[in-house]
Amino acid sequence: MPLVDFHLLLVTDRSLVRERSLESALRESVDAGVPAIQLRERDLYTRELLSLAGQIHAMTKSRGVRLIINDRVDLVQALDLDGVHLRASSLPVSVVRRVLGPRRLIGVSTHSVKEVQQAGDDGADYVILGPIFETPSKREFGAPLGLAALADACRRSSVPVFAIGGMTIKRIVAARDAGASGVAMIGGILGREDVGTATVEMQAAVRAAWAPRSRDDAQAG
């Protein structure tokens, strides 16, 4: 099983970068140290998405930044990307694993404790659960789940759980305390005017939250 060796996942939405290009915004984030990117531009035609993914991969590969793309198993193969992220309507995890093999990451979007458990049972490497808090980008998925549901999902999950939806610096520690293995962000980084500064701030908060703790600290917590 591929190693999920990051705690911050930047999920793209080019509508948030205003008058600039998504590539430009992502370059700022890569330069600022973002460890993983999920390319989630579902409305693009295949050739446009292929071109965009190729440009982004050119900047992430040399920096060791994981690049995962939504749904498009064919583009993962064509560009040798790090993995694919699946929705409920996507191909089953078991099918994707047979196609991509054991070394590429497979993530799954989930919106309930049951879906988290199922994704792990199906062989996903990690799941994204949300929305945890209120956020405009996730309103289509219903009311926020809250930290109690996140904690329940993390206790029952066999794979790392990433919290998404309204994540801020202050909420990163709350997600960690609930058992999450990391956070996924859209507007918290791409919605900021200075994407590089936002990335530095979020990555610093994530590193502090998931830094190895001493035995005394763990017992105190």
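Structure shown above.
Notes on the structure follow. (Residues numbered from 1 in each chain as written. Predicted model: local features only at pLDDT ≥ 70, side-chain atom pairs only at ≥ 80, totals over all residues. Heavy atoms only, no water.)

**Examining the pattern of salt bridges**
Cut-off, in case you're wondering: Salt bridges are identified by distance alone: a Lys or Arg side-chain nitrogen within 4 Å of an Asp or Glu carboxyl oxygen. Only DSSP runs of H or I with at least four residues qualify as helices, and only runs of E with at least two residues qualify as strands; both kinds are numbered from the N terminus onward. Buried means the residue's accessible area, taken with a 1.4 Å probe over protein chains only, is under 20% of the maximum for its type, while exposed means over 50%, and partly exposed covers the values in between.
Overall, the coordinates contain 14 salt bridges when judged by the stated rule. When the shortest N-O distance is used, the salt bridge between Asp31 and Arg63 registers 2.9 Å. You can see Asp31 sitting in helix H1 (residues 22-31) and its partner Arg63 sitting in the loop between helix H2 (46-61) and strand S3 (66-70), a full 32 residues away along the chain. Residue class for Asp31 comes out partly exposed when judged on its relative accessible area of 49%. A relative accessible area of 46% places Arg63 in the partly exposed class. With a shortest N-O distance of 2.8 Å, Arg72 and Asp74 are connected by a salt bridge. By relative accessible area, Asp74 is classed as partly exposed at 38%.

**Examining the nonpolar core**
Rules: What we call a nonpolar core is a set of buried Ala, Val, Leu, Ile, Met, Phe, Trp, Tyr and Cys residues that are connected through their side-chain atoms within 4.5 Å. The criterion used for residue contact is that any of the two residues' heavy atoms lie within 4.5 Å.
Within the largest apolar cluster, 60 residues are counted, with the highest numbers of intra-cluster contacts made by Leu39, Leu150, Ile172 and Val183. Not counting residues up to four positions away in its chain, the partners in contact with Leu150 are Leu129, Ile132, Val161, Ala163, Ala175, Ala178 and Ala180. Formed by 13 residues, the second largest nonpolar core is a distinct cluster that contains Val4, Ile68, Leu105 and Ile186.

**Quick notes on the side chain of Ser90**
Applicable threshold: Under the rule applied, a polar contact is a pair of N or O atoms within 3.5 Å (in protein, one hydrogen donor and one hydrogen acceptor; residues adjacent in sequence only if both atoms are side-chain atoms).
Here Ser90 shows up in the loop between strand S4 (83-86) and helix H4 (93-100). According to the relative accessible area criterion, Ser90 is buried, its value standing at 18%. Here Asp71 takes part through its side chain, which lies 2.3 Å from a polar atom of the side chain of Ser90. At 2.8 Å, the side chain of Ser90 forms a polar contact with the backbone nitrogen of Arg87.

**Quick look at the sheet that holds strand S6 (residues 126-129)**
Working definition: the strands of a sheet are paired by backbone hydrogen bonds and lie parallel or antiparallel to each other. Selection criterion: We treat two strands as partners when DSSP finds at least two bridges between them. Here an axis means a line fitted to C-alpha atoms, over the contact stretch when the element is a helix, while the angle between two N-to-C directions is reported on a 0 to 180 degree scale.
Spatially, S1-S2-S3-S4-S5-S6-S7-S8 is the arrangement adopted by the eight strands of the closed barrel, whose pairing is parallel. Adjacent strand axes in the sheet meet at a mean angle of 25° when their direction is disregarded. Relative to S4, S3 runs parallel, the two being bridged by three bridges. Bridge assignment links Ile68 to a residue of S4, and that residue is Gly83. Together, strand S5 (105-110), S6 and strand S7 (161-164) form the strand contacts of helix H5 (residues 113-122), whose direction differs from that of S5 by roughly 160°.

**Looking at the packing of H1 against H2**
To keep things clear, this is the line we draw: Here roughly perpendicular refers to angles of 65 to 115 degrees, roughly parallel to angles under 35, roughly antiparallel to angles over 145, and oblique to all remaining angles. What makes a crossing left-handed is the near helix being turned counterclockwise from the far one by less than a right angle; a clockwise turn instead makes it right-handed. Polar here means any residue outside two lists: the nonpolar Ala, Val, Leu, Ile, Met, Phe, Trp, Tyr, Cys and Pro, and the charged Asp, Glu, Lys and Arg; Gly therefore counts as polar.
The N-to-C vectors of H1 and H2 enclose an angle of 20°; their axes lie 10 Å apart at closest approach. Between H1 and H2, the crossing angle belongs to the class labelled roughly parallel. Our pair here, H1 against H2, has a crossing hand that is right-handed. Residues Leu22, Glu23, Leu26, Arg27 and Val30 of H1 pack against Leu52, Gln55, Ile56, Met59 and Thr60 of H2. Its residues placed into classes, the contact of H1 with H2 shows six nonpolar, two polar and two charged.

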